[in-house]
Amino acid sequence: MTIEKINSPAIEVDVAYYDTAEAQKFKSYPQDLQKGLAELTSGPVSISTSTFLYFFLFHRMARGMPGYESTEAVRRDLSRAVNAIDTALIHNGVSLALPSPQTRPPNDVAEHLGEAVGLAVASKLHGLTEADWQRLEVKGFGKNKKLTPSFDYQLAAEENRFVQVETKGSVVDRNQLKASVVSLHKANITKKKVKLSTLPSDAEDPYPADVRYGTITTVDGRIDSRLRCWLVDPPAEGLPIEPRAYKLLSRMTFLARWLGLVSPRSQLTSALASRLNALLALNDPLDLDSVPLVRGSGEEFKFFLSSANSDHYTFFGGRSRLLGFPGGGLAIVLSEKSIAFIGINQNLLPLAADQRFDEILEYGATSTTERWPIELVLRHDEASRLGVDSVPWEEMDRGHVKLRTEGNFHFIRSGLVFGILDPRV
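Residues numbered from 1 in each chain as written. Predicted model: local features only at pLDDT ≥ 70, side-chain atom pairs only at ≥ 80, totals over all residues. Heavy atoms only, no water.

(A) Region of interest: the overall build of the protein. Along the protein, the regular secondary structure elements total 12 helices and 18 strands. With 425 residues in all, the protein has 55% of them scored as buried. For the protein, restricting intrachain contacts to residue pairs at least 6 apart in sequence, the fraction spanning at least 24 positions comes to 71%. For the protein, the exposed surface amounts to about 18,600 Å²; the carbon and sulfur share of it is 49%. (Helix = DSSP H or I, 4+ residues; strand = E, 2+ residues; numbered from the N terminus. Buried < 20%, exposed > 50% of the residue type's maximum accessible area, 1.4 Å probe, protein only. Contact = heavy atoms within 4.5 Å. Areas by Shrake-Rupley, 256 points an atom, 1.4 Å probe, with all protein chains shown as cover.)

(B) Quick peek at helix 2 (residues 31-40). The set of residues buried in helix 2 consists of L33, G36, L37 and L40. Looking down the long axis of helix 2, one finds its buried residues gathered within 100° of arc, a one-sided arrangement. Seen from the open side of helix 2, the exposed residues pointing more than 90 degrees away from its buried face are Q31, K35 and E39. Tucked into the core, helix 2 has its buried residues touching strand 1 (10-17), strand 2 (45-48), helix 6 (107-126), strand 10 (211-219) and strand 11 (227-232). (Arc of directions from axis to C-beta.)

(C) Geometry of the packing of aromatic side chains. Evaluated as defined, the whole model comprises 20 aromatic pairs. Taken together, a centroid distance of 6.2 Å and an interplanar angle of 55° make the contact between Y54 and F254 tilted. Taken together, the positions of Y54 in helix 3 (residues 49-57) and F254 in helix 8 (residues 243-262) put the pair 200 residues apart, joining distant regions of the chain. Residues Y54 and F254 agree in their burial class; the two are buried. On the numbers, 5.9 Å between centres and 90° between planes, the contact of F341 with F409 is edge-to-face. Residue F341 is found in strand 14 (residues 338-345), and its partner F409 is found in strand 17 (residues 400-411); the two are separated by 68 residues along the sequence. Counting every residue linked through ring pairs, the aromatic cluster contains Y54, F55, F58, F254, W258 and F418. The ring of W230 carries R228 above its face, with NZ or CZ at 5.0 Å from the centroid. (Phe/Tyr/Trp six-rings, centres within 6.5 Å; stacked < 30°, edge-to-face > 60°. Lys NZ or Arg CZ within 6 Å of the ring centre and 35° of its normal.)

(D) Representation of unusual backbone geometry. A positive phi is found at S290, a non-glycine position, where the angle reads about 70°. With respect to the helices and strands, the residue S290 is situated in the loop between helix 9 (267-281) and strand 12 (320-322). A positive phi is found at Q355, a non-glycine position, where the angle reads about 60°. Along the chain, Q355 turns up in the loop between helix 10 (348-354) and helix 11 (357-362).

(E) Here's a closer look at the pairing of strand 14. The buried fraction of strand 14 is high, at 8 of 8 residues. Relative to strand 14, strand 13 (residues 327-335) is paired through 8 bridges, and the arrangement is antiparallel. Counterpart to A331 in the pairing with strand 14 is F341. Here strand 13 folds back onto strand 14, and the loop between the two strands holds 2 residues. Looking at chain direction, strand 14 and strand 18 (residues 416-421) are connected through 6 bridges and run antiparallel. The residue of strand 18 that forms the bridge with I342 is F418. (Pairing = 2+ DSSP bridges.)

(F) Geometry of the pattern of salt bridges. Summed over the entire model, instances satisfying the criterion amount to 21 salt bridges. One salt bridge in this structure joins E72 and R75, with 2.8 Å as the shortest N-O distance. Residue E72 and its partner R75 are both found in helix 5 (residues 71-88); the two are separated by 3 residues, about one turn of the helix. Its relative accessible area of 41% is what places E72 among the partly exposed residues. A salt bridge links D77 to R76, with the nearest nitrogen and oxygen atoms 3.6 Å apart. You can call D77 buried: its relative accessible area is 7%. In this structure, a network of salt bridges that share partners links the residues R321, E375, E394, K402 and R404. (Salt bridge = Lys/Arg side-chain N within 4 Å of Asp/Glu carboxyl O.)

(G) Molecular detail of the packing of helix 2 against helix 6. Remark: helix 2 packs on helix 6, axes separated minimally by 9 Å, with the N-to-C direction vectors making an angle of 130°. Compared by their axis directions, helix 2 and helix 6 come out oblique. The two elements helix 2 and helix 6 meet at a crossing, and its hand is right-handed. Residues L33, G36, L37 and L40 of helix 2 form the contact with helix 6, whose own contacting residues are V121, K124, L125 and H126. Grouping the constituent residues of the contact of helix 2 with helix 6 by class yields 5 nonpolar, 2 polar and 1 charged. (Axes fitted to C-alpha atoms, helices over the stretch in contact; angles between N-to-C directions. Parallel < 35°, antiparallel > 145°, perpendicular 65-115°, else oblique. Left-handed = near helix turned anticlockwise from the far one by under 90°. Nonpolar A, V, L, I, M, F, W, Y, C, P; charged D, E, K, R; others polar.)

(H) Up close: the environment of I90. Along the polypeptide, I90 turns up in strand 3 (residues 90-91). In the structure, I90 is positioned 87 residues away from I3 in sequence and 9.3 Å away in space, judged by C-alpha atoms.

(I) Layout of the side chain of T368. On the secondary structure map, T368 appears in strand 15 (residues 368-379). Residue classification places T368 among the buried positions, given a relative accessible area of 15%. In this structure, T368 is in contact with P9, S50, F409, H410 and F411, ignoring residues within four places of it in sequence.

(J) Main features of helix 3. With 9 of 9 residues buried, helix 3 lies mostly within the body of the structure. Along helix 3, the positions that sit buried rather than exposed are T49, S50, T51, F52, L53, Y54, F55, F56 and L57.

(K) Representation of the environment of L125. By the secondary structure assignment, L125 is in helix 6. Sequence-wise, L125 and L33 are 92 residues apart; in three dimensions their C-alpha atoms are separated by 7.3 Å. Dropping the residues within four chain positions of it, L125 is found in contact with L33, G36, L37, L40 and Y213.

(L) Fine view of the packing of helix 8 against helix 9. Contact pair helix 8 / helix 9: the axes reach a minimum separation of 9 Å and the direction vectors enclose 155°. In terms of their interaxial angle, helix 8 and helix 9 are classed as roughly antiparallel. Crossing handedness for the pair helix 8 and helix 9: left-handed. From helix 8, L249, M252, T253, L255, A256, L259 and G260 reach across to helix 9, where they touch L268, T269, L272, R275, L276, L279 and L280. Here the residues of the contact of helix 8 with helix 9 are counted per class, giving 10 nonpolar, 3 polar and 1 charged.

The structure is reproduced here in structure tokens:
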């Protein structure tokens, strides 16, 4: 499956309880979630292709791993992820499958597939965006600092509860059946949860949650196959802090992380990073609601269109921009045949600057996959990585070149947009 040719907005997944015993446990869920679970398990469910690709392609960024702030780090990890999709998966017109029954991709591909599908399904169930998920660290406890097992992600699911999800993924011969590796994943999730519920007296669960469950995604090589996502092992105790504040910090961290990648030297990026540090230091981050960010001069940030006929703020001057869409960002050459574009909807800029927390918490763009024209802007040295003389680059000032082309772009609910392009097309 060549990633730049993916144009389907949805991927179908069969969601099912692991067995009747697990299904019975889920009946202790709150009523609103039981309704959502009934819909998920009643037939094939469609997850957004763009959401799946975000979690698969940017899994290191999504986890907040260090060293992912540089263009080189993004190029390295994104190239690996793109290659994994290109060589290990196909879109069969309905869902994802292996290229053949004999295909056995590396274990990390199955792991990232499980993570991407599990989080996409959980996001659909809880009405979340990509910005709401945060990776959990494994904590130590007691005199000997043994590791406390923790689930993979935590979030403020809504205004009043926390959710943790443990995600697993496996390659199987036939994903309608529970292969031994699926049973092993289920046993590991259950074992981890039992440990959390029976911690010694000098320990406490580092990340308690109102809802805690696991997902196991399986993929096979049948030509008409659909991904399958097994649900296992629900709920847990509540967390004695404010979910709304946690959700705000999660979304602010997301904004700061991606704005820092797209525009690392801007005053807005610097001001947002400083505000995030201030919020993290407060007992109640909500105290700074509606206190706007300011420039070094003390002036509040204002955003203006480049011209009367422009769709773009001046913030995106000299950057790669989607044409006809209000957003722009960063172009990174991955290989001689591909360029990655990573951008943001410019609606996020006043959202970040004004710091109206209700607007940040309620934000949700449309998740879709569409074909758009784009003007790519690259430095000369970056463009030279392509090694393609036939690309009609246009010279710009200050050692940059630009190219107008088009491709399939993936828009996600949190306001990011990305795509992988072949500049020769």
